[in-house]
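# Architecture at a glance
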Amino acid sequence: MTTTNWIELPKLVEYLYCSERTVYKLKKANVFVAGEHFYRVGEGKEKGKCVYGLEECRKALLKHSAETKKQKGARYKKEMMKDLVAKEVK
């Protein structure tokens, strides 16, 4: 493990091509797990600065992407498609 693998949030979003909000959502969805993909520095259990493992986060994203893969054409429900087709183009 190299020290350059562990980075702060601004560098993580740059390297993963995502937003800070996406990282927070992934943490909330337990894709990024404390102690495995990131650790907190500072006082308190909830308000410390987070330091992320770049390679660990990439592996978690790849696993999450494979598990949540959508089938082709499964993006819209039939009712939603009917509503979209029924609307007039202005």
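Refer to the structure printed above.
What you are looking at is a predicted structure, and each value in this text was computed from that prediction instead of being measured.

It is worth spelling out the packing of helix H1 (residues 9-16) against helix H3 (residues 54-67) at this point. Close contact between H1 and H3 brings their axes to 11 Å; oriented N to C, the two are set at 45 degrees. Considering the angle they form, H1 stands oblique to H3. When the axes of H1 and H3 are compared, the crossing they make is right-handed. Contact residues: H1 offers Leu12, Tyr15 and Leu16, while H3 offers Leu54, Cys57, Arg58 and Leu61. When its residues are assigned to classes, the contact of H1 with H3 shows 6 nonpolar, no polar and 1 charged.

So, about the nonpolar core. Leu9, Leu12, Leu16, Val23, Phe32, Tyr52 and Cys57 are the most contacted members of the largest nonpolar core, which has 15 residues in total. Secondary-structure elements contributing two or more residues to this core are H1, helix H2 (20-28), strand E3 (49-53) and H3. Considering each element in turn, this core owes the most residues, 4 residues, to H1. Beyond its immediate chain neighbours, meaning those up to four positions away, Cys57 contacts Leu12, Leu16, Phe32, His37 and Tyr52.

In this section: the packing of aromatic side chains. If you walk through the whole model with that rule in mind, you get 2 aromatic pairs. Arranged with centres 5.4 Å apart and planes meeting at 55 degrees, the rings of Trp6 and Tyr39 form a pair that is tilted. Pair noted here: Trp6 is in strand E1 (residues 6-8) and Tyr39 is in strand E2 (residues 38-41), with a separation of 33 residues, a long-range link. Arranged with centres 5.6 Å apart and planes meeting at 40 degrees, the rings of Phe38 and Tyr52 form a pair that is tilted. Taken as a pair, Phe38 in strand E2 and Tyr52 in strand E3 lie far apart in primary sequence, 14 residues in all. Residue Phe38 is classed as buried on the basis of its relative accessible area, which comes to 4%. Under the relative-accessibility criterion, Tyr52 is labelled buried at 1%. Note that Lys27 overlies the ring of Phe38, its terminal NZ or CZ placed 4.7 Å from the centroid.

Position of His37 relative to the elements: it lies in the loop between H2 and E2. Relative accessible area serves as the criterion here: at 6%, His37 is assigned to the buried category. In contact with His37, not counting residues within four places along its chain, are Trp6, Val31, Phe32, Val51, Tyr52, Gly53, Glu56, Cys57 and Ala60.

About the criteria used
Residues numbered from 1 in each chain as written. Predicted model: local features only at pLDDT ≥ 70, side-chain atom pairs only at ≥ 80, totals over all residues. Heavy atoms only, no water. Axes fitted to C-alpha atoms, helices over the stretch in contact; angles between N-to-C directions. Helix = DSSP H or I, 4+ residues; strand = E, 2+ residues; numbered from the N terminus. Parallel < 35°, antiparallel > 145°, perpendicular 65-115°, else oblique. Left-handed = near helix turned anticlockwise from the far one by under 90°. Contact = heavy atoms within 4.5 Å. Nonpolar A, V, L, I, M, F, W, Y, C, P; charged D, E, K, R; others polar. Core = buried A, V, L, I, M, F, W, Y, C linked by side-chain atoms within 4.5 Å. Buried < 20%, exposed > 50% of the residue type's maximum accessible area, 1.4 Å probe, protein only. Phe/Tyr/Trp six-rings, centres within 6.5 Å; stacked < 30°, edge-to-face > 60°. Lys NZ or Arg CZ within 6 Å of the ring centre and 35° of its normal.

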